[in-house]
Amino acid sequence: FNGPATNIASSPADIVKYASKLGIKTSDIPKPKGIHYQHLVDSGYITIARDKLKMVLDVARLGPDYLLAHAHADNLAFEMAIAGQRIFVNSGTSCYGSSKRRNFERSTRAHNSVEVNGCSSSEVWSSFRVARRAYPVGLSVNETCKNLSIQCSHTGYKRLAGSPMHSRQWQIHEDKISIKDNVSGEFGCAISRLILHADVTIRKVDDQTFILLAPNNIALTLRVLSGTARVVEWQHTTVFGFLTDTNCIEIDLVDGECSMEII
C-alpha cells in the first residue's frame, strides 16, 4: 500500500530477538480462534486473520495531511494471502521520479479497488503530489461468532459529474469471502480489479468462474456473481526497480454493482 518496497523491514522474529538482547521481555501471542480482526485506527487499515487467511483492508485517509508524497489513490483496496502466499496484491512501487509507470502505480487502476470513468479516486500527479483527495466515510464493522462484515465508502468521485460514490462490502465466512461493490450517482463506466500475484496461475472455467492456483497446493474458486469479467495481462512489483508479469481480473459494474465470492 502506498509507496514502500517489500522485504526491507525487520521481521517480527528479528525484532523480538533484538528486544531480548536489550533485556526487554516478550511473550508469545496466542493464536486467536475463529476470526480475528484489528482496526488500526491511527493508520486506517484493518487486518483480518482466520486460520490460514490474512487480509489487509484500506479504509484509511490517504495519509497525514501534511505529508502525502507517498500517497496512492488506493481507497478501499485490499490484499489477501493464504498460508503466507500472497494471492491478491496491489501493483506495488517499482520506481520514483516522473514517468508514465510512476503515474500508473499511484493511480486507482493499479490497485484492487474500483475505477470510475477512467479517473483515480484521488488526484495524484507529478511524482509526489496530490490534489483533490478521497475521504473514507460510513465505516461499519459487524462481527458474529462465525462471520465478519465490513463496509465503507469514500468521497473521491464526488468531484465528477453526477457525484458518484463508491461503496464496498467485505464479508468473511467460514468457507468463502464475498466482496460487493456499488457505485451510486451518475457515471459512465466503473471497473473493479483483482490483481494476482505472479505466483498465482488462473484457469478460466467459464465467463464468470475462475480457478486460482498457487504454490503449496493452494486452490481457490473465484465466482463473479454480478458484473462482466475478463482476464488481462498485467505487471506488478515485489522488488523496487523490477516488474513481474502477472494477470488481472477486471469486472465491469452493471447497473452500478458487481459482486464476487472467493471459495
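Everything discussed here concerns the structure shown above.
A short tour of the structure in this document, coming up. (Residues numbered from 1 in each chain as written. Predicted model: local features only at pLDDT ≥ 70, side-chain atom pairs only at ≥ 80, totals over all residues. Heavy atoms only, no water.)

**Quick look at the pairing of strand 11 (residues 165–172)**
Move 1: Burial analysis of strand 11 places seven of its eight residues in the buried class, the great majority of the element.
Move 2: Pairing geometry for strand 10 (residues 148–154) and strand 11, over seven bridges, is antiparallel. Residue pairing for strand 11: Ser 153 is matched across the bridge by Ser 167.
Move 3: Strand direction decides the pairing type here: strand 11 and strand 12 (residues 177–184), joined by eight bridges, are antiparallel. Among the inter-strand pairings, Met 165 is bridged to a residue of strand 12, identified as Ser 184.
Move 4: The loop that links strand 11 with its antiparallel partner strand 12 comprises four residues. (Buried < 20%, exposed > 50% of the residue type's maximum accessible area, 1.4 Å probe, protein only. Helix = DSSP H or I, 4+ residues; strand = E, 2+ residues; numbered from the N terminus. Pairing = 2+ DSSP bridges.)

**Considering the nonpolar core**
Move 1: Ile 48, Met 55, Phe 78, Met 80, Ile 87, Phe 88 and Trp 170 are the most contacted members of the largest nonpolar core, which totals 43 residues.
Move 2: For this core, the element with the most residues is strand 16 (residues 218–226), which contributes four residues.
Move 3: Setting aside residues no more than four positions away along its own chain, Phe 78 makes contact with Phe 1, Met 55, Val 56, Leu 57, Phe 88, Asn 90, Asn 112, Arg 168, Trp 170, Ile 179 and Leu 194. (Core = buried A, V, L, I, M, F, W, Y, C linked by side-chain atoms within 4.5 Å. Contact = heavy atoms within 4.5 Å.)

**Regarding the state of the cysteines**
Move 1: Inspection of the entire model under this criterion finds zero disulfides.
Move 2: Free of any disulfide, Cys 95 has its nearest neighbouring cysteine sulfur in Cys 248, separated by 18 Å.
Move 3: Among the residues examined, Cys 95 registers a relative accessible area of 15% and is labelled buried. (Disulfide = S-S within 2.5 Å.)

**Observations regarding the sheet that holds strand 13 (residues 190–195)**
Move 1: Strand order in the open sheet formed by four strands is 6-13-18-17, and the pairing between neighbours is antiparallel. Here the strands that pair on one side only, and so sit at the sheet edges, are strand 6 (114–116) and strand 17 (228–236). Neighbour-to-neighbour, the strand axes of this sheet turn through a mean angle of 30°, independent of strand direction.
Move 2: Taken together, the five bridges between strand 13 and strand 18 (residues 244–252) define a ladder with antiparallel strand orientation. Among the inter-strand pairings, Ile 191 is bridged to a residue of strand 18, identified as Asp 252. (Axes fitted to C-alpha atoms, helices over the stretch in contact; angles between N-to-C directions.)

**Considering the pairing of strand 2 (residues 45–50)**
Move 1: Counting buried positions over the six residues of strand 2 gives five, a clear majority of the element.
Move 2: Where strand 1 (residues 36–40) lies against strand 2, five bridges are found, and the strand directions are antiparallel. Among the inter-strand pairings, His 39 is bridged to a residue of strand 2, identified as Ile 46.
Move 3: Between strand 1 and strand 2, which follow one another and run antiparallel, lie four residues, and Gly 44 among them has a positive phi close to 95°.
Move 4: Between strand 2 and strand 3 (residues 53–58), which pair antiparallel and follow one another directly, the connecting turn spans two residues, one of which, Asp 51, has a positive phi of 50°.

**Looking at the pattern of salt bridges**
Move 1: Here the structure, examined in full by the defined rule, presents 16 salt bridges.
Move 2: As a salt-bridge pair, Glu 115 and Arg 193 come within 3.0 Å of each other at their nearest N and O atoms. In this pair, Glu 115 is assigned in strand 6 and Arg 193 in strand 13, connecting sequence segments 78 residues apart.
Move 3: We note a salt bridge from Glu 250 to Arg 193, for which the minimum N-O separation is 3.0 Å. Here Glu 250, found in strand 18, pairs with Arg 193, found in strand 13; they are 57 residues apart in sequence, far enough to count as distant.
Move 4: Shared partners join several salt bridges into a network, and the residues in it are Arg 109, Glu 115, Arg 193, Arg 230, Glu 250 and Asp 252. (Salt bridge = Lys/Arg side-chain N within 4 Å of Asp/Glu carboxyl O.)

**Some details on the environment of Asp 255**
Move 1: Tracing the backbone through its elements, the reader meets Asp 255 in the loop between strand 18 and strand 19 (257–262).
Move 2: The exposed category is assigned to Asp 255, whose relative accessible area is 77%.

**Some details on the sheet that holds strand 19**
Whenever strands of a sheet pair, they do so through backbone hydrogen bonds, lying parallel or antiparallel.
Move 1: With antiparallel pairing, the eight strands of this open sheet are ordered in space as 9-10-11-12-19-16-15-14. Pairing within the sheet leaves two strands with one partner each, and these edge strands are strand 9 (136–143) and strand 14 (201–206). The average undirected angle you get between the axes of adjacent strands in this sheet is 15°.

The quantities given are spatial measurements derived from coordinates; they are silent on function.
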